[in-house]
Amino acid sequence: MAYKSKDWRDSMRITLDYNNVTDKILGEKGFTKKQFKEMKGKAEQAFDFVKENRGKDELFMGWTELPYNQKEIVADILATAREVRSKFESFVVLGIGGSALGPIAIFQALCHLHYNELPKKIRKGPKFYVEDNVDPVRMKELLDVIDPAKTCFNVISKSGATSETMTQYLIISDELKKAGVNIKDHMIFTTDAKKGNLNKISAELGGIKSYVLPDGVGGRFSELSPVGLLPAAVLGIDVNGLLAGAAYMDKICSKRSMDENPALMSAVIQYMAMQSGKNIGVMMPYSDNLKYISDWYAQLWAESLGKNKTLTGEDCNVGQTPVKALGVTDQHSQVQLYTEGPFDKIVTFLSVANYTHKTPIAKGCENIPDVGFLGGHTMEELIQAENKATAIALSKAGRLNYTITVPEVNAFTIGELLFLFELQTAYAGAMFNINTFNQPGVEAGKKATFALLGKAGYEAMKVELDEAFTPDDKYIV
Ligand code: PA5
């Protein structure tokens, strides 16, 4: 059944305005029509690659089908979420990277900005925490504010072998034992269908409620799978809206022409930016709700594109450093650099057309013109004016910038936004002819941690690391 009416869906369409990367606005610093035209072939090849390979598990492209193939899973998730909402005081996600950044982004985007501080009667669901680090202080202090016996823990790990998540699992299981409760009643796993340590643990404990992170879906592309859908449903977020928004964006991006396909156009702009030395990509949402979309995007973009070999084996060392900024806050911190520093950046603004609250600015201080002029406007007008003013200032300084506008922040538009960036990343990876979906650099760090902590089978690596990386006092001051 279609999600809301067609008119409503169309009114929620995200737009991409790339005037401020063109020579029309930026003069010689902007891209010319000819340059866009020259990208046509590459863009079409990238489009064809993604289209031909979508859904293929062996290429880790299963994420393209998540908006369509989860009807039964969603029903199950909604039933579990109802139970969790009625039984528990807190819901804690234990996970890292692709298993955490999506849930954090969606929580910030679609829940009250002070959700945990709201009275239970208004909040309706449990308090929510995502523990995506192994900072010892943070774990201790989480345990200061939750009662494990009244908490449901969602352990999310595809491999079940990530040291950070499994450390958290061990500590929390022990806390549950100490609290005298049955671990089984307080944990939900989200993991691989069959493989991995969480499946072994589940079997040992007599079967823990588990959701599957599908085979062909990598961590950073997993937000629209049970990784993100279960926490969202527990928070009372409209998960069908998220998936419908993703499907809507998928349809918009089914056009082969980059002039009609916003994800493809965004990938083309970023590709051209990188080719012209803009190795830093700043994402600057003008919305606290969208603040952690930048964190989620940073992983998606960095881990997918930061590669040293092409698919055909040539050295390449490509990628772009994602930087997170928040409008207007970072106008008073980073924008000076963006306007006058090196020409090594492209800025993506995330703008909101209609904020959930307009928040009027009270009149006052009429005899102090510097202050009085603000009264009678709304905070929405102010933040939008500052967003526009920053884009103009950057453009006047010849800096590449473009704007993605969300009509309003809701489950549907967030689904659109996530899918737009996932497609953009897949297209950009195809343009570079790299493997967008692996992360050998992350795996290397995981293995070095195993060696340093004395895991069996990593003895030789430990010796090798100790020999090569024992610090020389000469270089310590
Ligand atoms: O995107 C990725 O694949 C990574 O960031 C992983 O999500 C992260 O390393 C956690 O891995 P796992 O889910 O196996 O615990």
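Residues numbered from 1 in each chain as written. Predicted model: local features only at pLDDT ≥ 70, side-chain atom pairs only at ≥ 80, totals over all residues. Heavy atoms only, no water.

(A) Here's a closer look at the site of the ligand. As a structural note, the neighbourhood of the ligand is formed by 14 residues, with Ser157, Lys158, Ser159, Thr162 and Gln299 the closest of them. Note that an oxygen atom of the ligand is positioned 2.7 Å from one of the side-chain N or O atoms of Ser159. Taking 390 Å² as the accessible area of the ligand by itself, protein coverage stands at 92%. Grouping the amino acids of the shell around the ligand by side-chain chemistry returns one nonpolar, nine polar and four charged. (Near = heavy atom within 4 Å. Polar contact = N/O pair within 3.5 Å; in protein donor to acceptor, adjacent residues only side chain to side chain. Areas by Shrake-Rupley, 256 points an atom, 1.4 Å probe, with all protein chains shown as cover. Nonpolar A, V, L, I, M, F, W, Y, C, P; charged D, E, K, R; others polar.)

(B) Representation of the packing of aromatic side chains. All told, the structure shown has 20 aromatic pairs when counted by the stated rule. Considering the side-chain rings of Phe91 and Phe128, the 6.2 Å spacing of their centres and the 10° angle between planes classify their relative orientation as stacked. On the criterion of sequence distance, the pair formed by Phe91 in strand S2 (residues 90–94) and Phe128 in strand S3 (residues 127–131) is long-range, its members being 37 residues apart. Following the ring pairs from residue to residue traces out a cluster consisting of Tyr3, Trp8, Tyr248 and Phe412. Just above the ring of Phe450 sits the side chain of Lys455; from NZ or CZ to the centre is 3.9 Å. (Phe/Tyr/Trp six-rings, centres within 6.5 Å; stacked < 30°, edge-to-face > 60°. Helix = DSSP H or I, 4+ residues; strand = E, 2+ residues; numbered from the N terminus. Lys NZ or Arg CZ within 6 Å of the ring centre and 35° of its normal.)

(C) View of the side chain of Ser173. With respect to the helices, strands and loops of the structure, Ser173 is situated in helix H9 (residues 163–178). The contacts of Ser173, once residues within four sequence positions are left out, are Ile183 and Met187. (Contact = heavy atoms within 4.5 Å.)

(D) Main features of unusual backbone geometry. In the segment running from Gly327 into Val328, the intervening peptide bond is cis, with an omega of -5°. Mapping Val328 onto the fold places it in the loop between strand S10 (321–324) and helix H15 (335–340). The phi angle at Asn317 is positive, at roughly 45°, despite the residue not being glycine. Mapped onto the fold, Asn317 is located in strand S9 (residues 315–318). Overall, the relative accessible area of 62% leaves Asn317 in the exposed class. Its identity as a non-glycine residue notwithstanding, Thr359 has a phi of 55°, on the positive side. Mapped onto the elements, Thr359 comes out in the loop between strand S11 (345–352) and helix H16 (369–372). (Buried < 20%, exposed > 50% of the residue type's maximum accessible area, 1.4 Å probe, protein only.)

(E) Spotlight on the pairing of S9. Inspection of the sheet shows strand S8 (residues 307–309) paired to S9 by two bridges, in the antiparallel sense. What sits directly across from Lys309, in S9, is Asp315. From the end of S8 to the start of S9, which pair antiparallel, there are five residues, and Gly313 there has a positive phi angle of about 90°. (Pairing = 2+ DSSP bridges.)

(F) Layout of the nonpolar core. Counting residues in hydrophobic clusters, the biggest one holds 115 residues, and the most contacted among them are Trp63, Leu417, Phe421, Tyr427 and Met431. Considering every element that reaches this core, the biggest residue donor is helix H18 (residues 411–432), with 14 residues. Both domain 1 (2–55 + 256–432) and domain 2 (63–240) contribute no fewer than three residues apiece to this core. Every residue in contact with Trp63, bar those within four places of it in the chain, is listed here: Gly216, Val217, Phe221, Phe419, Glu422, Leu423, Ala426 and Phe437. Membership of the second largest hydrophobic core comes to 18 residues, among which are Met139, Val155, Phe189 and Ile201. (Core = buried A, V, L, I, M, F, W, Y, C linked by side-chain atoms within 4.5 Å. Domains from an automatic or database assignment.)

(G) Inspection of the sheet that holds strand S12 (residues 400–406) at higher detail. The mixed open sheet is built from five strands, whose spatial order is S1-S12-S11-S7-S10. With one partner strand each, in any of the chains shown, strand S1 (15–17) and S10 form the two edges of the open sheet. Pairwise comparison of adjacent strand axes, ignoring direction, gives a mean angle of 20° for this sheet. In this structure, strand S7 (residues 280–285) lies alongside S10, joined through four bridges in parallel fashion. Paired with Met283 across the two strands is Lys324, which belongs to S10. Sitting on the sheet, helix H14 (residues 293–305) is in contact with S7, S10 and S11, with an inclination near 175° to S10. (Axes fitted to C-alpha atoms, helices over the stretch in contact; angles between N-to-C directions.)

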